[in-house]
Amino acid sequence: ASNGSGEGTAGAWPRSPLAPGEVITAQSGAFERDPQESSTTDEELSRAGSPGSRGGGGSTTPDYGEKRLPQALIIGVKKGGTRALLEAIRAHPDVRAVGTEPHFFDRNYEKGLEWYRNVMPKTLEGQITMEKTPSYFVTNEAPKRIHSMAKDTKLIVVVRNPVTRAISDYTQTLSKKPEIPTFEVLAFKNRTLGLIDASWSAIRIGIYALHLENWLQYFPLSQILFVSGERLITDPAGEMAKVQDFLGLKRIVTEKHFYFNKTKGFPCLKKPEDSSAPRCLGKSKGRTHPKIDPDVIHRLRKFYKPFNVMFYQMTGQDFQWEQEESDK
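No experiment lies behind these values; they were computed from the predicted model shown.

Scoring rules and cut-offs
Residues numbered from 1 in each chain as written. Predicted model: local features only at pLDDT ≥ 70, side-chain atom pairs only at ≥ 80, totals over all residues. Heavy atoms only, no water. Pairing = 2+ DSSP bridges. Helix = DSSP H or I, 4+ residues; strand = E, 2+ residues; numbered from the N terminus. Axes fitted to C-alpha atoms, helices over the stretch in contact; angles between N-to-C directions. Contact = heavy atoms within 4.5 Å. Phe/Tyr/Trp six-rings, centres within 6.5 Å; stacked < 30°, edge-to-face > 60°. Buried < 20%, exposed > 50% of the residue type's maximum accessible area, 1.4 Å probe, protein only.

Novice: Could you give an account of the sheet that holds strand 3 (residues 95-97), with specific residues and numbers?
Specialist: Here 5 strands make up an open sheet; going across it, the order is 3-5-2-6-9 and the pairing parallel. In this open sheet, the two strands that pair with only one neighbour each are strand 3 and strand 9 (224-228). Each strand of the sheet is rotated relative to its neighbour by a mean of 25°, with strand direction disregarded. Strand direction decides the pairing type here: strand 6 (residues 154-159) and strand 9, joined by 5 bridges, are parallel. Bridging from a neighbouring strand, Val159 pairs with Ser228 of strand 9. Each of strand 2 (72-76), strand 6 and strand 9 is contacted by helix 8 (residues 208-215), which is oriented at about 160° to strand 9, the strand it contacts most. Packed onto the sheet, helix 10 (residues 236-246) meets strand 6 and strand 9 and runs at close to 170° relative to strand 9.

Novice: Account for the packing of aromatic side chains, with residues named and values stated.
Specialist: To describe a pair of aromatic rings, you give the distance between the ring centres and the angle between the ring planes. With the rule as written, the count across this model stands at 22 aromatic pairs. Residues Tyr208 and Phe311 carry aromatic rings whose centres are separated by 5.4 Å and whose planes lie at 55° to one another, so their mutual orientation is tilted. Placement of the pair is Tyr208 in helix 8 and Phe311 in helix 11 (residues 294-315), with a sequence separation of 103 residues. Neither residue differs from the other here; Tyr208 and Phe311 are each classed as buried. For the ring pair Phe303 and Phe307, a centre distance of 5.5 Å and an interplane angle of 55° mean the geometry is tilted. With Phe303 and Phe307 both in helix 11 and 4 residues apart, the pair spans about one turn of that helix. As far as burial versus exposure is concerned, Phe303 and Phe307 are alike and both buried. Aromatic ring contacts, followed pair by pair, group Phe104, Phe105, Tyr109, Trp115, Tyr116 and Tyr136 into a single cluster.

Here you go:
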C-alpha cells in the first residue's frame with residue numbers, strides 16, 4: 001500500500017520505513033514518529049494570537065489580564081478524546097485554554113516562545129493557561145522542547161484502546177479521502193504472514209509504551225496524568241475529578257456538567273446554572289466506524305498486547321483493554 005516514502009494512495013499517513021530486518025518488539029527502542037494531522041490552520045492561529053483576541057475561554061473571557069506560557073498541556077493522543085477533555089476543563093473558571101491546536105512544539109517551534117505566548121488567551125493571577133496538541137506525544141523533539149520552556153509543566157495524555165483508536169484514526173481520514181485503500185490493506189505489510197505494518201501512523205501512535213519512553217527521559221511520571229478515553233465517556237465526572245486534582249484545582253466540573261447523548265453515544269457539556277441546551281462535540285466526533293474483518297482485529301489485539309502490558313507497568317495503571325476485548 002505504500003512505497004515507504006509516504007506517497008501514493010497511502011499518502012494520507014506518512015510512514016517511517018524500518019531499517020532492513022528491523023523488527024519492532026516490546027523491548028525495541030523508540031523509532032521515527034510523524035506529526036499527526038490537525039484541523040487547525042495557520043489562519044485560525046493568527047486569529048487566536050491577534051491583539052484583543054478572546055481565544056481562551058469563550059465569550060466570557062475578560063479582555064484583561066496577561067498572556068502567559070501554558071503551565072499545563074494536553075499532549076495526546078490523537079482520536080483518544082482530547083477535544084472532549086479540553087472542552088470539559090474549559091468549563092472550569094480557573095482555566096483558560098486556546099481552542100485551536102497551536103502545534104508549537106512540533107510544527108511552529110522556529111517561530112519562538114513570544115509567538116507561542118501571543119497565541120494564548122489572557123489570564124488573571126491564579127488561573128491556569130492550557131493548550132492541546134495531540135501530536136506532541138509522538139513527536140521526538142517535543143519532550144526536550146517543552147522541558148526547556150518550563151521543566152515543571154504538567155502533561156496530560158488521553159489514551160484509548162489502541163485497536164479502536166487506530167480504526168477511529170482511519171475513519172477520520174476516510175471521511176476526507178474516500179479513495180484510500182481499506183483498513184485491512186493498510187494495516188499489514190504481509191497479510192498472509194500476518195505481519196502488521198507498524199510504520200503506518202494509525203498503528204504506530206497506539207504503541208504508547210515506546211512514545212512514553214521518550215517523555216520519561218525529561219519528565220518524572222508524577223508530572224504526567226494518563227486519562228482513560230473510555231472512562232471519559234462512561235464516567236466523565238470521575239475522570240475530570242482526577243484532572244482537576246492533578247492541576248491543583250478545586251473540583252468544580254462535576255456530574256452536574258454532563259448530559260449523556262444517546263444518539264451520539266457520549267456525554268455532552270452543559271452549564272449547571274442555566275437551562276440552555278447541552279453543548280455536544282461536532283459532527284466529526286462519534287463517526288460510525290467501517291466494518292473491519294474480525295481476523296484483522298484479532299491480529300491487531302495480539303500485536304498491541306505486549307506493548308499495552310508494558311504501558312500498564314510503566315504508568316502503574318491498568319486500562320483493562322484486554323479485559324474489554326474479552327467481554328465482546
